[in-house]
Amino acid sequence: MKASPMALKHWFAQVAQYRWWLILTALLGAVMLTLVVKLQPVLHPPVEGLARAPASCDLRQRACIARFPAGGQVQLAIKPSGIPLLTPLQLEVQLKALQAPQRVEIDFTGVDMEMGYNRVVLQATTEPGQYQGTGILPVCVRQRMLWEARVLLWGAEGLQAAAFRFITQRLR
């Protein structure tokens, strides 16, 4: 079956009408892909050294310590105890036997569920190696949520991190 010249002309007119939408969609897709690629190192920076706190330590009850294999340790305390959601949390980090970092941050991430970007910059106190800040955890749809608080130590030699896992419980 052969298409008539009028039908072909109509089809090409429709394609031309949607061509701009296709170009705009492709352009927006390229911009989004570029943003994802450029933001990847900010959201998930490469870590030179990683220390993990023991699973037996419960941040909801007391401060925990993560030790680096090469030496040095990071202690993290979160108050109030119980780590309530949607409540300002006092964050305290104490560094021992580590070179003073240029910047200290805590990155909160959901282990089993993406909870968005939640990073807190800590300020140095008058005590050497001690840093403080205030953060907040959002409510999750789950009753119990497994989190990782990753203390990020930005230094001249790269990034070192200390990971602390804990569970929060949503009140009914």
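Each remark here, short or long, concerns the structure printed above.
Every residue gets a number counted from 1 within its own chain, in the order that chain's sequence is written. Where totals are concerned, whole chains, interfaces and linings use all residues; where local detail is concerned, this predicted model gives features only for residues with pLDDT of at least 70, and gives and counts side-chain atom pairs only at 80 or more. Side-chain numbers come from the whole structure's heavy atoms, not from hydrogens or water.

1. Description of the overall build of the protein chain
Here is the rule: Numbering of helices and strands runs from the N terminus; a helix is a DSSP stretch of H or I covering at least four residues, while a strand is a stretch of E covering at least two. We compute the radius of gyration from the C-alpha atoms alone; for a globule the expected value is 2.2 Å times N to the 0.38, where N is the number of residues. The buried label goes to any residue with under 20% of its type's maximum accessible area, the exposed label to any with over 50%, and the partly exposed label to all in between, with areas taken from a 1.4 Å probe on protein chains only.
A tally of regular secondary structure across the protein chain gives one helix and nine strands. Start at the N end of the protein chain and walk to the C end: the helices and strands fall as α-β-β-β-β-β-β-β-β-β. A compact globule built from 172 residues should have a C-alpha radius of gyration of about 16 Å, whereas the protein chain, at 25 Å, is more than 25% larger. With respect to the principal axes defined by its C-alpha atoms, the protein chain has extents near 85 × 45 × 25 Å. A buried classification covers 32% of the 172 residues belonging to the protein chain.

2. A few points about unusual backbone geometry
Omega for the bond connecting K79 with P80 falls within 30 degrees of zero, at 5°, which places this linkage in the cis form. Among the secondary structure elements, P80 is positioned in the loop between β3 (73–79) and β4 (89–96). At I83, a position not held by glycine, the phi torsion is positive, near 50°. Mapped onto the secondary structure, I83 falls in the loop between β3 and β4. Assessed through its relative accessible area of 1%, I83 is described here as buried. Even without being glycine, L86 reaches a positive phi, approximately 55°. Within the secondary structure, L86 is located in the loop between β3 and β4. Among the residues examined, L86 registers a relative accessible area of 55% and is labelled exposed.

3. So, the sheet that holds strand β9 (residues 158–169)
As a reminder of what qualifies: Note on pairing: two strands pair once DSSP finds at least 2 bridges between them. Helix axes use the C-alpha atoms of the stretch in contact, all axes being lines fitted to C-alpha atoms, and the angles between their N-to-C directions lie in the range 0 to 180 degrees.
Pairing is mixed across the open sheet formed by nine strands, whose spatial order is β1-β9-β8-β5-β6-β7-β4-β3-β2. Strand pairing shows two members of the sheet lacking a second neighbour, β1 (49–52) and β2 (64–67), which therefore form its edges. For this sheet, the mean inter-axis angle between neighbouring strands, taken without regard to orientation, is 25°. Here β4 pairs with strand β7 (residues 130–135) via six bridges, running antiparallel. Its bridge partner being in β7, Q94 is matched across the sheet by Q130.

4. Points about the pattern of salt bridges
The criterion, for reference: A pairing counts as a salt bridge when a side-chain nitrogen of Lys or Arg comes within 4 Å of a carboxyl oxygen of Asp or Glu.
Under the defined criterion, the tally for this structure stands at eight salt bridges. In this structure, the salt-bridge partner of R60 is D58, at a minimum N-O distance of 3.1 Å. Note that E92 and K79 form a salt bridge whose closest N and O atoms lie 3.8 Å from each other. Pair noted here: E92 is in strand β4 and K79 is in strand β3, with a separation of 13 residues, a long-range link. Look at K79 and you get partly exposed, because its relative accessible area is 44%.

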